Amino acid sequence: MGKTHCINCMKMIDEETAFCPHCGYGQKGETSPFGLKPGTILRGRYLVGRVIGQGGFGLTYVGYDLTLEIKTAIKEYFPSGLATRNSMVSNQVQRNTTRLDRQNWQAGCESFLKEARRMAKIDSLPGIVRVRDIFPENQTSYIVMDFIEGETLKQRLSKTGAMKYSECVKLLCPLMESLDKVHKQGVIHRDISPDNIMVQPDGSVCLLDFGAAKDISFQNAASRQITKKGFSPPEQYREKGSIGPWTDVYALCATIYYCVTGKMVPDAMDRIYGEDLNFNVPMREPLPEGAARVLAEGMKLRAEERIRTVEELLRRFDGAKKAGAQTGGTVQTPFSEWPETVQPQVGMTLEEPHTGMVRLQPISAQVVEQSKRKRKYVLLAAAAVLLFLVVPIGVLLFLVMPVGILFFLVMPMGVLLAAVICLVVFLVKRKKRNKAATGQNRRRRFS
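The model shown is predicted, which means the values in this text are computed figures rather than measured ones.

Glancing now at the overall build of the chain. Across its full length, the chain holds 10 helices and 13 strands. When burial is assessed residue by residue, the chain has 41% of its 447 residues classed as buried. Pairs at least 24 apart in sequence give 59% of the contacts found in the chain among residues at least 6 apart. In the structure as shown, the chain presents an accessible area of about 24400 Å², 57% of it carried by carbon and sulfur atoms.

A word on the state of the cysteines. In total, this model carries 0 disulfides according to the counting rule given. Free of any disulfide, Cys6 has its nearest neighbouring cysteine sulfur in Cys23, separated by 3.6 Å. The class of Cys6 is buried, set by a relative accessible area of 0%.

Moving on to a nonpolar patch on the surface. Among the surface-exposed residues, Leu423, Phe426 and Leu427 lie close enough to one another that they form a single nonpolar patch of about 250 Å² accessible area. By the secondary structure assignment, Leu427 is in helix 10 (residues 403–444).

Pairing between side chains of opposite charge can happen when the charged atoms of each approach one another. Per the stated rule, a full pass over the model turns up 20 salt bridges. With its nearest N and O atoms 3.0 Å apart, the salt bridge here joins Arg43 to Asp133. Taken together, the residues span a long stretch of sequence, with Arg43 in the loop between strand 3 (41–42) and strand 4 (46–54) and Asp133 in strand 9 (residues 131–137) at a distance of 90 residues. For Arg43, a relative accessible area of 46% corresponds to the partly exposed category. Across the pair Lys229 and Asp270 runs a salt bridge whose closest N-O atoms are separated by 3.8 Å. With a gap of 41 residues between them, Lys229 in the loop between helix 4 (220–224) and helix 5 (245–261) and Asp270 in helix 6 (residues 268–272) connect regions that are remote in the sequence. Since its relative accessible area comes to 25%, Asp270 is described here as partly exposed.

The next subject is the packing of aromatic side chains. This model, assessed by the stated rule, comprises 8 aromatic pairs. Ring plane angle 20 degrees and centroid distance 5.5 Å describe the contact between Phe135 and Tyr142, whose orientation is recorded as stacked. For the pair Phe135 and Tyr142, one class covers both residues: buried. Between the aromatic rings of Phe231 and Tyr258, the centroid separation amounts to 6.2 Å while the plane-to-plane angle is 65 degrees, which identifies the pairing as edge-to-face. Pair noted here: Phe231 is in the loop between helix 4 and helix 5 and Tyr258 is in helix 5, with a separation of 27 residues, a long-range link. Take Phe231: its relative accessible area is 7%, and that puts it in the buried class.

So, on to the sheet that holds strand 3. Whenever strands of a sheet pair, they do so through backbone hydrogen bonds, lying parallel or antiparallel. Ordered in space as 3-4-5-6-10-9, the 6 strands form an open sheet in which the pairing is antiparallel. In this open sheet, the two edge strands, each paired with only one partner strand, are strand 3 and strand 9. Both strand 3 and strand 4 contribute to a ladder of 2 bridges, which runs antiparallel. Among the inter-strand pairings, Leu42 is bridged to a residue of strand 4, identified as Tyr46. Sheet strands in contact with helix 1 (residues 102–121) are strand 6 (70–77), strand 9 and strand 10 (140–146), and its direction is about 20 degrees off that of strand 10.

A regular strand places its side chains so that they alternate between the two faces of the sheet. Buried residues dominate strand 10, accounting for 7 of its 7 residues. Across 5 bridges, the pairing between strand 6 and strand 10 is antiparallel. Within the sheet, the bridge partner assigned to Ala73 lies in strand 10 and is Met145. When strand 9 meets strand 10, the two strands line up antiparallel, connected through 6 bridges. Looking across to strand 10, one finds that Pro136 is bridged to Ser141. Hairpin connection between strand 9 and strand 10: a loop of 2 residues separates the two successive antiparallel strands, and Asn138 in this loop has a positive phi of roughly 55 degrees.

It is worth spelling out helix 7 (residues 291–298) at this point. Every buried residue of helix 7 is accounted for by Ala291, Ala292, Val294, Leu295 and Gly298. Summarising the axial view, the buried residues of helix 7 lie within an arc of 160 degrees, below the 170-degree limit, and thus occupy one face.

Within the secondary structure, Asn196 sits in the loop between helix 3 (165–183) and strand 12 (197–199). Here Asn196 is in contact with His189, Asp191, Cys206, Leu207, Leu208, Asp209 and Lys228, once residues within four sequence places are set aside.

Within the fold, His189 resides in the loop between helix 3 and strand 12. On the basis of relative accessibility, which here comes to 1%, the residue His189 falls in the buried class. A polar contact of 2.7 Å, which involves the side chain of His189, links it to the backbone oxygen of Leu208.

Another aspect to go through is the sheet that holds strand 12. Taken in spatial order, the 3 strands make up an open sheet running 11-12-13, and their pairing is antiparallel. The outermost strands of the open sheet, each flanked by one partner alone, are strand 11 (151–152) and strand 13 (205–207). The sheet contact formed by strand 11 and strand 12 spans 2 bridges and is antiparallel. Bridged to Thr152 within strand 12 is Met198.

Cut-offs applied
Residues numbered from 1 in each chain as written. Predicted model: local features only at pLDDT ≥ 70, side-chain atom pairs only at ≥ 80, totals over all residues. Heavy atoms only, no water. Helix = DSSP H or I, 4+ residues; strand = E, 2+ residues; numbered from the N terminus. Buried < 20%, exposed > 50% of the residue type's maximum accessible area, 1.4 Å probe, protein only. Contact = heavy atoms within 4.5 Å. Areas by Shrake-Rupley, 256 points an atom, 1.4 Å probe, with all protein chains shown as cover. Disulfide = S-S within 2.5 Å. Patch = residues over 30% accessible without salt bridge, like charges linked within 9 Å, V, L, I, M, F, W, Y side chains within 5 Å. Salt bridge = Lys/Arg side-chain N within 4 Å of Asp/Glu carboxyl O. Phe/Tyr/Trp six-rings, centres within 6.5 Å; stacked < 30°, edge-to-face > 60°. Pairing = 2+ DSSP bridges. Axes fitted to C-alpha atoms, helices over the stretch in contact; angles between N-to-C directions. Arc of directions from axis to C-beta. Polar contact = N/O pair within 3.5 Å; in protein donor to acceptor, adjacent residues only side chain to side chain.

Keep in mind that these numbers describe shape and distance, not what the molecule does.
Put into structure tokens, the structure is as follows:
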């Protein structure tokens, strides 16, 4: 009986084995309808295993370097909606001729490799996946990278619940320092999110899929495929948006917000039309006094108003930490002092991406609004009681003495007049409040 490699862990197994004895993965499991068949060898050197990821612009496979005898990750340029393949007939990728001509397809393949070449020159940075090889084949392009063991940050959070702010920043700090160095080499990631950050067995994190999407700009359809709801800033939704380090700053701040709150940042397009950031939500640790401000400025909708570089973001986080240590100020009620009804559990579930979020008011604003409502109801009840008292008294006086006639006629009219005046005052105040709220929303629209 011959030997082969498991399509998942790449360890040696017998050819007829149905399930890998090392990892338990089924060797005849489901395959991607457009992916390469497991067992395919690229460039005479790289063995292809199962598909482990599929995004808007590529497929990622488990791979094995037959020369160096190490496990790798292989990324294939395969933009969704623009390419297809019948792996039962051929490994050749077929472009969508109705949406893309041959020249643009070749330009996309070259851009895919161009970013990988840049990354290959930036070697051994903590938290950044290393590129080992690049090459064209099957009418497309391939990038061979180190295989990063572990689980994504999103998977980790789904098990443990939201993180403490201090733990989150400490975890991501080495990655952000390396990302700043990569930015200075002219490479922008554009797809930072918890499901693109791998938590390794030693507790460190590594950013995956780096730079592969930067220059893909065939047309609107291709551009939309590299946006990620809740993590992409407005410029990524525009065909000619100004992309730079500030684009990754937005995604980093959105990732930190997700890690410490367990909630998605409202989509950038929703925020343009009034959906606000909300920091007054349950957290496992109070935010330092300036941390919320730093995150908010890192997620400004206007790119020119946003924190411009990761280096500046790190400096601002450090300043917020020092200011918090000196003043002890926070923007959040401590975890231990929350009422039982709102106290989060350690394993609380995280919010998944969705089409919109309910706009929430700060707790203090809600309390004030509730007290106003209570006063209004008390006044209305008092007016009703007064009216029901005046009528019987007027009737009684009318029967007893002539002056009661005057009292019976005048008092209800006075009460009615007072009610009309109160109604007019209420309507005028409500109109002013609505006008002020409309102006505030307009001011926040691009804040």
